[in-house]
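# Examination of the molecular architecture
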Amino acid sequence: MDTKWIQSNPSIMMGKPVITGTRIPVELILEKFGAGETIEQLLEAYPRLTEEGIRAAFRFAAQALRAKA
């Protein structure tokens, strides 16, 4: 896991992986992007989010899927 950008802590969002320094779950980023929102729209909606944080969420999801294969 890319611990610089993604963290999972039982005391934050019930342990869901979040973008470091935020309470924004990776799951939310993936859902919104999958629903058609752009990176620019996500950055506008979540001012604490960065483009690198969004990209880290995609990398995290890819790693999680690879690990389950």
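A brief report on the enclosed structure follows. (Residues numbered from 1 in each chain as written. Predicted model: local features only at pLDDT ≥ 70, side-chain atom pairs only at ≥ 80, totals over all residues. Heavy atoms only, no water.)

A separate point is the overall build of the protein chain. Summing up its helical and strand segments, the protein chain has three helices and two strands in all. Counting helices and strands in the order they occur from the N terminus, the protein chain gives β-β-α-α-α. Rg of the C-alpha trace for the protein chain: 12 Å, near the compact-globule value of 11 Å for 69 residues, within the 12% margin. Considering only C-alpha atoms, the protein chain reaches an extent of 30 × 30 × 20 Å along its principal axes. Counting across all 69 residues of the protein chain, residues that qualify as buried make up 26%. A fraction of 36% describes how many contacts in the protein chain between residues 6 or more apart in sequence connect residues 24 or more apart. Only carbon and sulfur atoms are counted for the fraction: they give 57% of the accessible area of the protein chain, which is about 4,600 Å². With 9 positive and 8 negative side-chain charges, the protein chain shows a separation of 8 Å between the mean positions of the two kinds. (Helix = DSSP H or I, 4+ residues; strand = E, 2+ residues; numbered from the N terminus. Rg over C-alpha atoms; globule rule 2.2 N^0.38 Å. Buried < 20%, exposed > 50% of the residue type's maximum accessible area, 1.4 Å probe, protein only. Contact = heavy atoms within 4.5 Å. Areas by Shrake-Rupley, 256 points an atom, 1.4 Å probe, with all protein chains shown as cover. Lys, Arg positive; Asp, Glu negative; His and termini not counted. Charge placed at Lys NZ, Arg CZ, Asp CG, Glu CD.)

So, on to the nonpolar core. Judged by nonpolar contacts, Ile6, Ile19, Ile24, Val26, Ile29, Ile39, Leu42, Leu49, Ile54, Ala56, Ala57 and Phe60 together constitute the single largest core of twelve residues. For this core, the elements supplying multiple residues, two or more each, are helix 1 (26-34), helix 2 (39-45) and helix 3 (51-68). By residue number, the principal contributor to this core is helix 3, which donates four residues. Apart from the residues within four sequence positions on either side, Val26 is in contact with Ile6, Pro17, Val18, Ile19, Ala57 and Phe60. (Core = buried A, V, L, I, M, F, W, Y, C linked by side-chain atoms within 4.5 Å.)

Phi is positive for Met13, which is not a glycine, with a value near 50 degrees. Within the secondary structure layout, Met13 lies in the loop between strand 1 (6-7) and strand 2 (18-19). In this model, Met14 sits at a positive phi of 55 degrees, which is unusual for a non-glycine residue. On the secondary structure map, Met14 appears in the loop between strand 1 and strand 2.

With that out of the way, let us pick up helix 3. Counted at 1.5 Å a residue, the expected span for helix 3 with its 18 residues is 26 Å, and the 26 Å between its end C-alpha atoms agrees. Along its buried surface, helix 3 packs onto strand 1, strand 2, helix 1 and helix 2. (Expected span 1.5 Å × (residues − 1).)

Right, let's get into the side chain of Thr22. Along the polypeptide, Thr22 turns up in the loop between strand 2 and helix 1. Among the polar contacts listed, one links the side chain of Thr22 to the backbone nitrogen of Ile24, at a separation of 3.0 Å. (Polar contact = N/O pair within 3.5 Å; in protein donor to acceptor, adjacent residues only side chain to side chain.)

Glancing now at the pattern of salt bridges. Counted under the stated rule, the structure contains four salt bridges. Across the pair Lys32 and Glu37 runs a salt bridge whose closest N-O atoms are separated by 3.6 Å. A salt bridge links Glu51 to Arg55; the shortest N-O distance between them is 2.6 Å. One end of the pair is Glu51 and the other is Arg55, both in helix 3 and four residues apart, which spans about a single turn. Overall, the relative accessible area of 38% leaves Arg55 in the partly exposed class. (Salt bridge = Lys/Arg side-chain N within 4 Å of Asp/Glu carboxyl O.)

Right, let's get into the environment of Arg55. In the structure, Arg55 is positioned 26 residues away from Ile29 in sequence and 9.7 Å away in space, judged by C-alpha atoms. A distance of 2.6 Å separates the side chain of Arg55 from the side chain of Glu51, its partner in a polar contact.

Bear in mind that shape data such as this cannot, by itself, settle questions of function.
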